[in-house]
Amino acid sequence: MTKEDLRGKTVFDLCKDEKMLQELGYDIAKKKSYDGYPWIAKAQMVEKYAARIGDYDLYKTATALEKDLWKELHEESRRRRCIID
């Protein structure tokens, strides 16, 4: 999977095992509440899942995507001349 494939996906798209999601600390019943999370947080959630299942390639991809998202956020912050949380 490439960063482009992973962009826009959440841990819920990648994992359908409710027990695994609960072990990771995600409440499937509140899945909609995660929609409002920033994409950086969603990439971190995928990293956590990849580490848990031992998928090193997915972990590397999610980490690279997170890095790109931070860079994009930083560039937007510089362009707007403001701090973005």
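Since the structure is predicted, the reported quantities are computational estimates derived from the model, not experimental observations.

Conventions and cut-offs
- Residues numbered from 1 in each chain as written.
- Predicted model: local features only at pLDDT ≥ 70, side-chain atom pairs only at ≥ 80, totals over all residues.
- Heavy atoms only, no water.
- Helix = DSSP H or I, 4+ residues; strand = E, 2+ residues; numbered from the N terminus.
- Buried < 20%, exposed > 50% of the residue type's maximum accessible area, 1.4 Å probe, protein only.
- Contact = heavy atoms within 4.5 Å.
- Areas by Shrake-Rupley, 256 points an atom, 1.4 Å probe, with all protein chains shown as cover.
- Core = buried A, V, L, I, M, F, W, Y, C linked by side-chain atoms within 4.5 Å.
- Salt bridge = Lys/Arg side-chain N within 4 Å of Asp/Glu carboxyl O.

### Regarding the overall build of the chain
Here is step 1: On a plain count of helices and strands, the chain comes out with five helices and zero strands.
Here is step 2: Projected onto the principal axes, the alpha-carbon positions of the chain cover approximately 45 × 30 × 15 Å.
Here is step 3: Classification of the 85 residues of the chain by burial places 31% in the buried group.
Here is step 4: For the chain, contacts bridging at least 24 residues in sequence account for 53% of all contacts bridging at least 6.
Here is step 5: If you sum the accessible surface of the chain, you get close to 6100 Å²; carbon and sulfur atoms cover 49% of it.

### Looking at the side chain of Ser 77
Here is step 1: Mapped onto the fold, Ser 77 is located in helix 5 (residues 56-80).
Here is step 2: Taking relative accessible area as the criterion, Ser 77 reaches 17% and is therefore assigned buried.
Here is step 3: When neighbours within four sequence positions are excluded, Ser 77 is seen to be in contact with Cys 82, Ile 83 and Ile 84.

### Observations concerning the environment of Trp 39
Here is step 1: As for its position among the elements, Trp 39 is in helix 4 (residues 39-53).
Here is step 2: For Trp 39, a relative accessible area of 41% translates into the label partly exposed.
Here is step 3: Put simply, Trp 39 and Thr 10 are 29 residues apart on the chain and 8.7 Å apart in space, counted from C-alpha to C-alpha.
Here is step 4: If sequence neighbours within four positions are ignored, Trp 39 has contacts with Gly 8, Lys 9, Thr 10 and Leu 69.

### Regarding the nonpolar core
Here is step 1: By size, the foremost hydrophobic cluster in this structure holds 19 residues, and its most contacted members are Val 11, Phe 12, Tyr 26 and Tyr 49.
Here is step 2: Going through the elements one at a time, helix 2 (11-14), helix 3 (18-23), helix 4 and helix 5 are the ones with two or more residues in this core.
Here is step 3: In terms of residues, this core owes the most to one element, helix 4, which gives six residues.
Here is step 4: Each residue touching Tyr 49, except ones within four places of it in the same chain, is listed here: Val 11, Leu 14, Cys 15, Met 20, Leu 24 and Leu 58.

### Let's talk about the pattern of salt bridges
Two side chains bearing opposite charge may form a pair once their charged atoms approach each other closely.
Here is step 1: Evaluation of the coordinates by the stated rule reveals four salt bridges.
Here is step 2: A salt bridge links Arg 80 to Glu 76; the shortest N-O distance between them is 2.9 Å. Within this pair, Arg 80 and its partner Glu 76 are both found in helix 5, separated by four residues, close to a single helical turn.
Here is step 3: Judged by relative accessible area, which is 55%, Arg 80 ranks as exposed.
Here is step 4: By relative accessible area, Glu 76 is classed as partly exposed at 24%.

Read these as geometric descriptors, not functional statements.
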